[in-house]
Amino acid sequence: MQRGDVTRDDGTWVGLSLDVQDPRRPGLSIFSAGPRLLVSQMSRPLVLAVVDEHLDGVDFWRTDEYRSFVPPLRADVGRTLAGSPERWAHRFARYLIDSPDRLVPPFP
């Protein structure tokens, strides 16, 4: 994965670009079959859902299997990153890279 800042012509930071080259299946996946949806993390089912045939609602069941790639946020970290979307974006990109169930591959 390559990571790069996205800037305006004047150099103002506007976002983070993540270029994933690895064809591996992501850790978090969504499957559908007719009105049914399954969200899974690796082989663990997380959410099962059925969309009403008239599109009037969704019934869903959540399991306790979800494991976040983002560790619990400490107040001191939040204060350090406050007011900087650029630092937040790079922090979350680092979580993606370091996660054991990473959603993207590590840097080469």
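First things first, this report covers the structure right here in the doc.

Conventions adopted
- Residues numbered from 1 in each chain as written.
- Predicted model: local features only at pLDDT ≥ 70, side-chain atom pairs only at ≥ 80, totals over all residues.
- Heavy atoms only, no water.
- Pairing = 2+ DSSP bridges.
- Helix = DSSP H or I, 4+ residues; strand = E, 2+ residues; numbered from the N terminus.
- Axes fitted to C-alpha atoms, helices over the stretch in contact; angles between N-to-C directions.
- Phe/Tyr/Trp six-rings, centres within 6.5 Å; stacked < 30°, edge-to-face > 60°.
- Buried < 20%, exposed > 50% of the residue type's maximum accessible area, 1.4 Å probe, protein only.
- Salt bridge = Lys/Arg side-chain N within 4 Å of Asp/Glu carboxyl O.

On to the pairing of strand 2 (residues 13-19), then. Across 6 bridges, strand 1 (residues 2-7) lies against strand 2 in antiparallel orientation. Residue pairing across strands places Asp 5 opposite Leu 16, the latter belonging to strand 2. Connecting strand 1 to the next strand, strand 2, in antiparallel fashion are 5 residues, including Gly 11 with a positive phi near 90°.

Our next topic: the sheet that holds strand 4 (residues 36-41). Taken in spatial order, the 4 strands line up as 3-4-5-6 in an open sheet, and their pairing is antiparallel. Each of the sheet's edge strands pairs with one partner strand only, and the pair in question is strand 3 (28-33) and strand 6 (58-62). Strand-to-strand twist in this sheet, taken as the mean axis angle between neighbours without regard to direction, amounts to 15°. As judged from the 6 bridges shared by strand 3 and strand 4, these two strands associate in the antiparallel manner.

Another point: the pairing of strand 5 (residues 44-51). Two strands pair when backbone bridges link them, and strand 4 and strand 5 are joined in this way by 6 bridges, in the antiparallel orientation. Within strand 5, the position partnered with Val 39 by the bridge is Val 47. Linking strand 4 to strand 5, which pair antiparallel, is a turn of 2 residues; within it Met 42 sits at a positive phi near 55°. Remark: 6 residues form the turn of the hairpin made by strand 5 and strand 6, two consecutive strands paired antiparallel; Leu 55 in that turn has positive phi of roughly 60°.

Here we come to the packing of aromatic side chains. Inspection of the entire model under this criterion finds 2 aromatic pairs. Geometrically, the ring pair formed by Trp 88 and Phe 92 is stacked, given 6.0 Å between the ring centres and 25° between the ring planes. In this pair, Trp 88 and Phe 92 both sit in helix 2 (residues 85-98), 4 residues apart, roughly one turn of the helix. Assessed through its relative accessible area of 24%, Trp 88 is described here as partly exposed. Relative to Tyr 95, the ring of Phe 92 has its centre 5.7 Å away and its plane inclined at 80°; by these criteria the two rings are edge-to-face. Here Phe 92 and its partner Tyr 95 are both found in helix 2, 3 residues apart, which amounts to about one turn of the helix. Phe 92 sits in the partly exposed class, given a relative accessible area of 32%. Judged by relative accessible area, Tyr 95 falls into the buried class, the value being 17%.

With that settled, consider the pattern of salt bridges. Taken as a whole and judged by the stated rule, the model has 2 salt bridges. The partner of Arg 62 in a salt bridge is Asp 64, and the shortest N-O contact between them spans 3.9 Å. Asp 64 matches Arg 62 in its accessibility class, with the two residues each being exposed. Across the pair Asp 76 and Arg 74 runs a salt bridge, and its minimum N-O distance is 3.3 Å.

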